[in-house]
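# Summary of the model geometry
Here is what each chain is made of, one letter per residue.
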Amino acid sequence: MPNALAVAGLLFQYRANMKNNQSIIDSAISQEYEYGFTTDIDQEKIPPGLNEDVIKIISSKKQEPEWLLDWRLKAYKQWLKMDEPDWSKLNYDDIDFQAISYYAAPKQKEKLKSLDEVDPELLETYNKLGIPLEEQKLLSNVAVDAVFDSVSVTTTFKEELEKHGVIFCSFSEAVQKHPDIIKKYLGSVVPTTDNYFAALNSAVFSDGSFVYIPKNVRCPMELSTYFRINAAKTGQFERTLIVAEEGSHVSYLEGCTAPMRDENQLHAAVVELVAHKNAEIKYSTVQNWYPGNPKTGKGGIYNFVTKRGTCLGDNSKISWTQVETGSALTWKYPSCILKGNNSIGEFYSVALSNNFQQADTGTKMIHLGKNTKSTIISKGISAGKGQNTYRGGVKIMKNADNARNFSQCDSILIGENCGAHTFPYIDVRNPSAQMEHEASTSKIGEDQLFYCNQRGISTEDAVSLIVNGFCKDVFNELPMEFAVEAQKLMEVSLEGAVG
Amino acid sequence: MLIIKNIHASVDGKEILKGINLSIKPGELHAIMGRNGSGKSTLANIITGRDNFLVTKGSITYNGNNLLEMSIEDRALAGIFMSFQYPVSIPGVNNAYFLRAALNAKLKHQGKSEINASDFMRLIREKVKLVNLDESYLSRAVNDGFSGGEKKRNEILQMLTLEPELSILDETDSGLDIDALKTIAEGVNNFRTETRSFLAITHYQRLLEYMHPDYIHVLIDGKIVKSGDISLANQLEEKGYSWLEK
């Protein structure tokens, strides 16, 4: 399964262990979070604090055109007037936005011509994470963009993609090389004023990925971005934009990890997807940011992310699949605006909160076009002292005749000290709409565990068996090999959930 | 094989078993009969190690080992199997996958290499026929949406696959029509060997007609009040339990 090696390289170690099933659990016992190492590398980092000068520095480091700087500054001014949202179920101390550094980059030569010029220490980091960036080592059909702290380090398989007219590069590069597309679509799905964290991101975003699929092209390989936060006291603010022209198709994956640090680190990303007529975008995430110390709850990533896609053209489709096992806090609602007639929005989610983790996640489906259809499958797993909230909105607007939505929100509780919460919001303004909503909350039963134990299956294996069964509908949506990795990740993340 | 000595056990402070003595040798089929609440299922739970039962007195040895000190899965791996009265469902978990996980846990315990998916499917397709279940049940979620009879057949399928030394059949006959009962009894009979033992727990002698037990024990109020051969079951059928009560 070479695909997964590159794609979900973040999980590479489990693959090795798969040969010896038993050692999956064994290895999990000895390690709490295996991507917690830091890379010792020369860094260029601007001092903590946020003001207009900082934004100008970022913009000038990126040699950005004037219009983009103006766009950032406008967003910043709006952000200053906004209040941090407090409607979620998340409990955390106030974030000191002046204590964060908004830009950190590994020092490197001005322009990289080939991978040979990438700092070997960096390549080593990605190798450790199971993501070999040297193309000759990539047997698989996956192109990777690697983002290290604030900048994109390298993008693989560029030439191969160019043959098909597919553009896959870092956001900064896209600003230089494809300014017209960026200008046209940046902020078109998530406006700078959308919310507090989106406004912040718009002001200070440093890098990210850009994908453009031309008309009638089926992207020949999976595209993947791998995000790594390394520097201390630094925020990560990346921005991803995917544009799928008429009749095109793309499947995109992202993975994330971070070192173990005692302080909380902020990650506030924005992802915008645009699907034109008959186009399809499939966006999969395996999020495994450092969740904080499992015993004290100290540290961990604060993950405040705005992800949204517009099904602009008729018959277009956007599908979000997420497996969220990391982060101390998760605040994330990948959404679809179904503008085109017959367009389809899908959201498949597994969110796990173990130990001190808190997740408030879900989706919004906004039906504007006729015969639009949306599906929401959300699986929340709470263990330890974890708190898991599903928050979802389905809106059927006046002109959306014959819109349909199916929502299913299931929660499973492991142990006595965790919680599951469900907040479905439904707003229907067209009488022809068909809505279905199913919800369930269950505990992993003593009965189920006893049954498994009586068949000789250990409690740990039984829990992962039961939870994987619970998540099956979502894992089925992941690219196949990715699904195997997600299962393994689930096993390790649940380590110790049952005493 | 299994030696139970003077077992006393309670649930929530209430004594259910009040001194059980029972010895099962290899190849024997013992039947425990009794009314609801007499302690039959408690005995099965004590042997398999279910947590919420407290043994206050007595001992159980299994092949010379102190069974009461073993974990639930260690007992299972040592060869004790229970066909559940009410098997739970595990949504989303493929029946065949579950059974292979159980079989592999056993093989691993025995120091053998695990069975691969295709060999397992070959094996399981043979076994499925023995309990008269359709192959489609293999790809359904464990017991999910199964009827009472299908669940019981599935339990026996698991027994035939895992090949335990001691099988406890907890009310395996309840809720079955006569055809299903025959299928299951046949499955058990064909599975009997000189080394495999059985403990069948039941209300009725119906199942026993097909299964030919070596011993019958009558459990009343936490004690075995009478033991005998199949004729005892026939007497119970005729006279009920009251003549055995004080």
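Here, the structure is the one placed above.
Presented here is a report on the structure given in the accompanying data block.

Rules of the game
- Along every chain, residues carry numbers that run from 1 in the direction the sequence is written.
- Numbering of ligands from 1 and lettering of chains from A proceed in the order in which they are written.
- Note on the predicted model: pLDDT of at least 70 is required for a residue's local features to be given, and 80 or more for side-chain atom pairs to be given and counted; whole-chain, interface and lining totals, by contrast, use all residues.
- Based on all heavy atoms of the structure, the side-chain values leave hydrogens and waters out of the count.
- Note on conventions: DSSP H or I runs of at least 4 residues are helices, E runs of at least 2 residues are strands, and numbering of each starts at the N terminus.
- Whether a residue is buried, partly exposed or exposed follows from its accessible area with a 1.4 Å probe, protein chains only, as a fraction of its type maximum: under 20%, in between, or over 50%, in that order.
- What makes two residues a contact is simply this: any of their non-hydrogen atoms within 4.5 Å.
- The accessible surface values rely on the Shrake-Rupley method and a 1.4 Å probe; as for residues, cover is taken only from the protein chains in view.
- Side-chain rings of Phe, Tyr and Trp (the six-membered ring for Trp) are treated as a pair once their centres are within 6.5 Å; stacked means planes under 30 degrees apart, edge-to-face means over 60, and tilted covers the remaining angles.
- Here, a charge over a ring means that NZ of Lys or CZ of Arg falls within 6 Å of the ring centre while also lying within 35 degrees of the ring normal.
- A cavity, in this analysis, means grid points on a 1 Å lattice covering only the protein atoms where a 1.4 Å probe fits yet has no way out; a pocket is instead an open set bounded by protein on both sides within 12 Å along at least five of seven lines, and a residue lines either one if it has an atom within 4 Å of a point.
- Grid points are joined across faces, edges and corners, and a volume is the space filled by probe spheres set on the points.
- Each residue is assigned to one of three groups, with Ala, Val, Leu, Ile, Met, Phe, Trp, Tyr, Cys and Pro labelled nonpolar, Asp, Glu, Lys and Arg labelled charged, and all others, Gly among them, labelled polar.
- Buried area adds together the accessible area that both of two parts lose upon being put together, with accessible area traced by a 1.4 Å probe.
- The working definition used for a salt bridge is a side-chain nitrogen of Lys or Arg within 4 Å of a carboxyl oxygen of Asp or Glu.
- Counted as a polar contact is a pair of N or O atoms within 3.5 Å, where, for protein atoms, one must be capable of donating a hydrogen and the other of accepting one, and residues adjacent in sequence contribute only when both atoms are in side chains.
- Between any two strands, pairing holds if DSSP finds at least two bridges.
- The axes used here are C-alpha line fits, helices contributing only the stretch in contact, and every angle between their N-to-C directions lies in the interval 0 to 180 degrees.
- Seen with the strands pointing away from the viewer, any crossover whose path from the first strand over the helix to the second strand runs clockwise is right-handed.

Now for the overall build of chain A. Tallying secondary structure elements over chain A gives 13 helices and 23 strands in all. Classification of the 499 residues of chain A by burial places 63% in the buried group. Taking the contacts inside chain A whose residues are at least 6 apart along the sequence as the reference set, 83% of them involve residues at least 24 apart. For chain A, the computed accessible surface area is about 18,500 Å², with 47% contributed by carbon and sulfur atoms.

For the rest of this paragraph, the subject is the packing of aromatic side chains. Taken as a whole, this structure holds 24 aromatic pairs over all chains when the rule is applied. Residues phenylalanine 171 of chain A and phenylalanine 205 of chain A carry aromatic rings whose centres are separated by 5.3 Å and whose planes lie at 80 degrees to one another, so their mutual orientation is edge-to-face. Here phenylalanine 205 of chain A lies in the loop between helix H10 (196-204) and strand S6 (209-213) and phenylalanine 171 of chain A lies in helix H8 (residues 171-177), a separation of 34 residues in the sequence. The exposure class assigned to phenylalanine 171 of chain A is buried, which follows from its relative accessible area of 1%. Their ring planes at 55 degrees and their centres at 5.0 Å tell us that tyrosine 283 of chain A and tryptophan 320 of chain A sit as a pair that is tilted. With tyrosine 283 of chain A in strand S12 (residues 280-287) and tryptophan 320 of chain A in strand S14 (residues 317-324), the pair connects residues that are 37 residues apart, well separated along the chain. Each member of the pair, tyrosine 283 of chain A as well as tryptophan 320 of chain A, carries the same accessibility label: buried. Cluster of aromatic residues (ring-pair linked, three or more members): Tyr76, Trp79, Trp87, Tyr92, Phe97, Tyr196, Phe197, Tyr302, Phe304, Trp331 and Tyr333 of chain A. Positioned over the ring face of phenylalanine 205 of chain A is arginine 239 of chain A, at 5.7 Å from the centre of the ring. Here the basic side chain of lysine 239 of chain B rests over the ring of tryptophan 243 of chain B, its NZ or CZ set 4.3 Å away from the ring centre.

Scanning all chains against the criterion turns up five cavities of 30 Å³ or more. When its volume is computed, the largest cavity comes out at roughly 90 Å³. In terms of residue class, the lining of the largest cavity is built from four nonpolar, nine polar and two charged.

Time to look at unusual backbone geometry. All names here are of chain A. With phi around 60 degrees, asparagine 216 is a residue other than glycine that occupies positive phi space. One non-glycine residue, serine 327, adopts positive backbone phi at about 70 degrees. We classify serine 327 as buried; its relative accessible area is 0%.

Attention now moves to the interface of chain B and chain A. With 31 residues of chain B in contact, the opposing surface of chain A contributes 20 residues. Summing both partners gives a buried area of about 2,100 Å² for chain B against chain A, and 64% of it is carried by carbon and sulfur. In terms of surface lost to chain A, no three residues of chain B exceed Arg50, Glu73 and Val88 of chain B, which account for 23% of the buried area on that side. Here chain B and chain A share two salt bridges between them. For arginine 50 of chain B, the salt bridge is made with aspartate 447 of chain A, and the minimal N-O distance between the two is 2.5 Å. Taken together, the connections running from chain B to chain A amount to ten residue pairs in polar contact (both at pLDDT 80 or more). No other element matches the six residues that helix H3 (residues 95-109) of chain B contributes to the side of chain B that touches chain A.

Residue and element names in this part refer to chain A. Within the secondary structure, glycine 419 is located in strand S22 (residues 419-428). Classification of glycine 419 as buried rests on a relative accessible area of 9%. When near neighbours in sequence (up to four residues on either side) are disregarded, glycine 419 contacts Ser382, Gly386, Gln387, Asn388 and Leu413.

Residues and elements named next belong to chain B. What the six strands build is an open sheet, ordered S6-S9-S10-S3-S11-S12; its pairing is mixed. If you trace the sheet from one side to the other, it starts and ends with strand S6 (80-83) and strand S12 (223-228), each paired once. On average, adjacent strands in this sheet sit at an angle of 20 degrees to one another, irrespective of strand direction. Along the sheet, helix H8 (residues 230-239) contacts strand S3 (29-33), strand S11 (215-220) and S12; its crossing angle with S11, the most-contacted strand, is approximately 45 degrees.

What follows covers the pairing of strand S10 (residues 197-202) of chain B. All names here are of chain B. Counting buried residues along S10, six of its six residues qualify, which places the element largely inside the surrounding structure. Because side chains alternate across S10, one face comprises the buried residues Ser197, Leu199 and Ile201, and the other comprises Phe198, Ala200 and Thr202, equally buried. In the sheet, S3 pairs with S10 via five bridges, with the strands oriented parallel. In the strand pairing of S10, methionine 33 is matched with threonine 202. For strand S9 (residues 166-170) and S10, the ladder comprises five bridges, and the chain directions are parallel. The partner of leucine 169 across the bridge, within S10, is alanine 200. In this view, the connection linking S9 to its parallel neighbour S10 by way of helix H6 (residues 178-191) has right-handed handedness.

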